[in-house]
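Read off the chains here:
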Amino acid sequence: MSDDEKTLNQQNHLSTGAYIVINILVFIVLKLGVSANEATESILEKFLTSATWLLVSGIFTKVINGQLSSQIKAVIVFWRIKETLPGCRAFSYFMDRDPRINPNVLQAKFGNLPSNPTEQNRLWYKIYKKHELKKSVEDAHKKFLLTRDLASLSFLGFGVLGISGYFMFANFYTWMIYTSTLLVTFLITSQAARNHGIKLVSNVLAEESSI
């Protein structure tokens, strides 16, 4: 992980932390199944019991997400085993799909643009380093890192919280609705991460072809 990625991830830390807490709280509420007729003592007892299990699950999820490499997160987001990053298709695919990018300018600067995915990503990253502090690039990068981590957390949550809910929820229908929501959340966040990743690649090429 590069230094700039660490810095942007630190800026996103509050958002990812809030996302974990919200997921834990939703799980606790569904697990407790609190009704207005329950005594306060009973509610507290249930809450403390469930909170213990959910705290363990939440910490486990956060720790596992922290152990995931950028490559694994890219696999989760882009649903590709090889050449996962959008930079691997920067010149063969995305370059021609953004009207802001002038391929002729890029070819004049770098000669024949690579077609090999690895070489494409290397050249794109070289260009990125020239423009990483540009507002359009930095903003897209920050949003990509945030949604990438949220997608990874959603993927892990679908597994950890989904399985936990199967054994801890009293109502099977509630569990079905909950796990379906987790799946939809993962699909939405992974799509958002893909969009921001593609925007990052395109913004870098647009910046380079405009000078």
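Residues numbered from 1 in each chain as written. Predicted model: local features only at pLDDT ≥ 70, side-chain atom pairs only at ≥ 80, totals over all residues. Heavy atoms only, no water.

What's the story with the overall build of the protein chain in this structure? I'm lost.
Each helix and strand in the protein chain was counted, giving 9 helices and 0 strands. Reading the protein chain from its N terminus to its C terminus gives the helix and strand order α-α-α-α-α-α-α-α-α. Taken over 211 residues, the protein chain has a buried fraction of 42%. Summing over all exposed atoms, the protein chain offers an accessible surface of approximately 12000 Å²; the carbon and sulfur share of this is 63%. (Helix = DSSP H or I, 4+ residues; strand = E, 2+ residues; numbered from the N terminus. Buried < 20%, exposed > 50% of the residue type's maximum accessible area, 1.4 Å probe, protein only. Areas by Shrake-Rupley, 256 points an atom, 1.4 Å probe, with all protein chains shown as cover.)

Would you explain helix α8 (residues 135-168) in this entry?
An α-helix turns once every 3.6 residues. As a result, residues three or four positions apart point the same way. Spanning 34 residues, α8 covers 46 Å between terminal C-alpha atoms, matching the ideal 50 Å at 1.5 Å per step. At glycine 157, α8 shows its strongest bend, of approximately 30 degrees. (Expected span 1.5 Å × (residues − 1). Bend = angle between axes of the 7 residues up to and from the residue.)

What is the right way to read the packing of aromatic side chains from this model?
Each aromatic ring pair is described using two quantities: the centre-to-centre distance and the angle formed by the ring planes. Throughout the structure, instances matching the rule amount to 12 aromatic pairs. Relative to tyrosine 178, the ring of phenylalanine 27 has its centre 5.8 Å away and its plane inclined at 75 degrees; by these criteria the two rings are edge-to-face. Residue phenylalanine 27 is found in helix α2 (residues 13-32), and its partner tyrosine 178 is found in helix α9 (residues 172-209); the two are separated by 151 residues along the sequence. Each member of the pair, phenylalanine 27 as well as tyrosine 178, is classed as buried. Chaining the aromatic ring pairs together yields one cluster made of Tyr166, Phe167, Phe172 and Trp175. A cation sits over an aromatic face here: arginine 97 above tyrosine 93, 3.7 Å from the ring centre. If you follow arginine 194 out to its NZ or CZ, it ends over the ring of tryptophan 79, 4.6 Å from the centre. (Phe/Tyr/Trp six-rings, centres within 6.5 Å; stacked < 30°, edge-to-face > 60°. Lys NZ or Arg CZ within 6 Å of the ring centre and 35° of its normal.)

Would you take a moment to explain α9 for this structure?
In a regular helix each residue adds 1.5 Å, so 38 residues correspond to 56 Å; α9 covers 56 Å between its end C-alpha atoms and thus fits that length. Its side-chain oxygen placed 2.7 Å from the backbone nitrogen of tyrosine 173, asparagine 171 serves as the N-cap of α9. (Polar contact = N/O pair within 3.5 Å; in protein donor to acceptor, adjacent residues only side chain to side chain.)

Where do I start with a nonpolar patch on the surface in this structure?
A cluster of nonpolar side chains, Ile163, Tyr166, Phe167, Phe172 and Met176, forms an exposed patch at the surface whose accessible area comes to about 590 Å². Those elements giving two or more residues to the nonpolar patch turn out to be α8 and α9. With 3 residues, α8 is the single largest residue contributor to the nonpolar patch. One can find methionine 176 in helix α9. Residue methionine 176 is classed as partly exposed on the basis of its relative accessible area, which comes to 37%. (Patch = residues over 30% accessible without salt bridge, like charges linked within 9 Å, V, L, I, M, F, W, Y side chains within 5 Å. Salt bridge = Lys/Arg side-chain N within 4 Å of Asp/Glu carboxyl O.)

Got a minute to help me understand the packing of helix α4 (residues 70-78) against α9 in this structure?
Relative placement of two packed helices is described by the angle separating their axes and the distance separating the axes. Relative to each other, α4 and α9 sit at 110 degrees, their axes nearing to 8 Å. One element, α4, and the other, α9, form an angle in the roughly perpendicular class. Contact with α4, carried on its side by Ile76, Val77 and Phe78, involves Phe186, Ser190, Ala193 and Arg194 of α9 and no other residues of that element. Among the residues forming the contact of α4 with α9, the class breakdown is 5 nonpolar, 1 polar and 1 charged. (Axes fitted to C-alpha atoms, helices over the stretch in contact; angles between N-to-C directions. Parallel < 35°, antiparallel > 145°, perpendicular 65-115°, else oblique. Contact = heavy atoms within 4.5 Å. Nonpolar A, V, L, I, M, F, W, Y, C, P; charged D, E, K, R; others polar.)

Hey, could you run me through unusual backbone geometry in this one?
Positioned with a positive phi, tryptophan 79 is a non-glycine residue whose angle comes to about 55 degrees. One can find tryptophan 79 in the loop between α4 and α5 (90-94). Judged by its relative accessible area of 51%, tryptophan 79 falls in the exposed class. Unusually for a residue other than glycine, glutamate 83 sits at a positive phi of about 45 degrees. Within the secondary structure, glutamate 83 is located in the loop between α4 and α5.

Just distances and angles here, no functional claims.
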